[in-house]
Amino acid sequence: QVQLVESGGGLVQAGGSLRLSCAASGRTFSYSVINWFRQAPGKEREFVAAISRSSGSTSYANSVKGRFTISRDNAKNTVYLQMNSLKSEDTAVYYCNVALQFATPGAYWGQGTQVTVSS
């Protein structure tokens, strides 16, 4: 199994920034991609960003391109999501997820971290 712990969420004004972290433990060799998803109240969970553990290649949802940056520190088994120029529509619970493909969720999820952007 893989354990995932997200942190870094909070309340921020529109235009502000936050950095989320996702720390992985357990069978970390069993996945090749780390995805970030988010779910706003009353909406379905949606893909945000992803990064390959080996190559560092990345993928982003169109809604966050140019504002969010995903990065990794393999030595710490940690992935970061730097979120800049935040908008009220970014308000959601953010989840990290380990998988084999970009934007396709795998079996293991973190507990989520709340991001609230006030306008």
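Quick note: structure is the one above.
Residues numbered from 1 in each chain as written. Predicted model: local features only at pLDDT ≥ 70, side-chain atom pairs only at ≥ 80, totals over all residues. Heavy atoms only, no water.

**Here we look at the side chain of Thr91**
Inference 1: With respect to the element layout, Thr91 can be found in the loop between strand E8 (78-83) and strand E9 (92-99).
Inference 2: A distance of 3.0 Å separates a polar atom in the side chain of Thr91 from the backbone oxygen of Ser88.
Inference 3: One polar contact links the side chain of Thr91 to the main-chain amide nitrogen of Val117, over a distance of 2.9 Å.
Inference 4: Thr91 has contacts with Ala40, Gln114, Val115, Thr116 and Val117, leaving out every residue within four places of it along the chain. (Helix = DSSP H or I, 4+ residues; strand = E, 2+ residues; numbered from the N terminus. Polar contact = N/O pair within 3.5 Å; in protein donor to acceptor, adjacent residues only side chain to side chain. Contact = heavy atoms within 4.5 Å.)

**Side note on unusual backbone geometry**
Inference 1: A positive phi angle is found at Asn77, which is not glycine, with a value near 50 degrees.
Inference 2: Counting through the fold element by element, Asn77 comes out in the loop between strand E7 (68-73) and E8.
Inference 3: Judged by relative accessible area, which is 25%, Asn77 ranks as partly exposed.
Inference 4: Phi is positive for Ala103, close to 65 degrees, though the residue is something other than glycine.
Inference 5: Inspection of the secondary structure puts Ala103 in the loop between E9 and strand E10 (108-109). (Buried < 20%, exposed > 50% of the residue type's maximum accessible area, 1.4 Å probe, protein only.)

**A few points about the nonpolar core**
Inference 1: Residues Trp36, Val48, Phe68, Ile70, Leu81, Met83 and Tyr94 are the most contacted members of the largest nonpolar core, which totals 33 residues.
Inference 2: Taken together, the elements giving at least two residues each to this core come down to strand E1 (2-7), strand E3 (18-26), strand E4 (33-39), strand E5 (46-52), E7, E8, E9 and strand E11 (113-118).
Inference 3: Top element by residues in this core is E5. It accounts for five residues. (Core = buried A, V, L, I, M, F, W, Y, C linked by side-chain atoms within 4.5 Å.)

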